[in-house]
Amino acid sequence: QVQLMESGGGSVQPGESLRLSCLVSGTKFSVKTMGWDRQAPGKQRELVARFTAPGTFTGPGAINYAKDVSGRFTISTDNAKNTVFLRMNGLKPEDTAVYYCYAVLQWGKVEREYWGQGTQVTVSS
């Protein structure tokens with residue numbers, strides 16, 4: 001059974017930083033994509049950052065960010081531990097949202113999407 005376990009959310013003031021972590025656990029999978037989405041109150045869930053692993057069909061791999069977080073947020077992975085991180089610097093009130101870990105995992109030709117339960121990030125003075 002696959003589980004995505006997030007940690008690191010909290011309440012901070014504008015300009016401060018947080019680091020989110022997400023451990024992906026399960027059996028015998030390979031990672032195609034890991035990343036983060038967020039959903040603010042009254043808004044649709046949106047992509048924040050994606051890491052696509054190098055592979056036969058993905059080429060050299062890629063990192064993508066939403067425009068409004070580019071330059072402030074950094075996604076990174078620890079492949080040996082199946083963990084993805086999101087370093088968030090210069091947080092703004094508009095970054096307030098529930099942040100969800102996201103992963104596309106593969107078992108041979110079969111692939112599935114997963115989301116974590118979410119972790120709250122609140123930015124307020």
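Residues numbered from 1 in each chain as written. Predicted model: local features only at pLDDT ≥ 70, side-chain atom pairs only at ≥ 80, totals over all residues. Heavy atoms only, no water.

Participant: Any details on the state of the cysteines? Residues and values, ideally.
Facilitator: Tallied over the full model, the rule gives one disulfide. Each sulfur of the disulfide joining Cys22 and Cys101 lies 2.1 Å from the other. With the S-S dihedral at roughly -85°, the linkage between Cys22 and Cys101 falls on the left-handed side. With a gap of 79 residues between them, Cys22 in strand β3 (residues 18-25) and Cys101 in strand β9 (residues 97-107) connect regions that are remote in the sequence. For the pair Cys22 and Cys101, one class covers both residues: buried. (Disulfide = S-S within 2.5 Å. Helix = DSSP H or I, 4+ residues; strand = E, 2+ residues; numbered from the N terminus. Buried < 20%, exposed > 50% of the residue type's maximum accessible area, 1.4 Å probe, protein only.)

Participant: Describe the environment of Asp95, listing the residues and the values that go with them.
Facilitator: Locating Asp95 in the fold gives a position in the loop between β8 (83-88) and β9. For Asp95, a relative accessible area of 1% translates into the label buried. With residues near it in sequence (within four places) discarded, Asp95 still touches Arg38, Arg72, Phe73, Gly90, Val121 and Val123. (Contact = heavy atoms within 4.5 Å.)

Participant: Tell me about the packing of aromatic side chains, and name the residues and values.
Facilitator: With the rule as written, the count across this model stands at three aromatic pairs. Taking the centre distance of 5.0 Å and the plane angle of 55° together, the rings of Tyr102 and Trp115 count as tilted. One end of the pair, Tyr102, is in strand β9; the other, Trp115, is in strand β10 (residues 110-115), with 13 residues separating them in the sequence. Taken together, the ring pairs in this structure connect Phe29, Trp107 and Tyr114 into an aromatic cluster. For the cation-ring pair, Arg45 lies above Tyr100, with the distance from its terminal atom to the ring centre recorded as 3.6 Å. If you follow Arg50 out to its NZ or CZ, it ends over the ring of Tyr102, 3.9 Å from the centre. (Phe/Tyr/Trp six-rings, centres within 6.5 Å; stacked < 30°, edge-to-face > 60°. Lys NZ or Arg CZ within 6 Å of the ring centre and 35° of its normal.)

Participant: Quick rundown of the pairing of β10? Include the residues and the values.
Facilitator: Along a regular strand, successive side chains alternate from one face of the sheet to the other. Taken together, the six bridges between β9 and β10 define a ladder with antiparallel strand orientation. Note on β10: the bridge partner recorded for Tyr102 is Trp115. The hairpin turn running from β9 into β10, its antiparallel successor, is two residues long, and Gly108 in that turn takes a positive phi close to 65°. (Pairing = 2+ DSSP bridges.)

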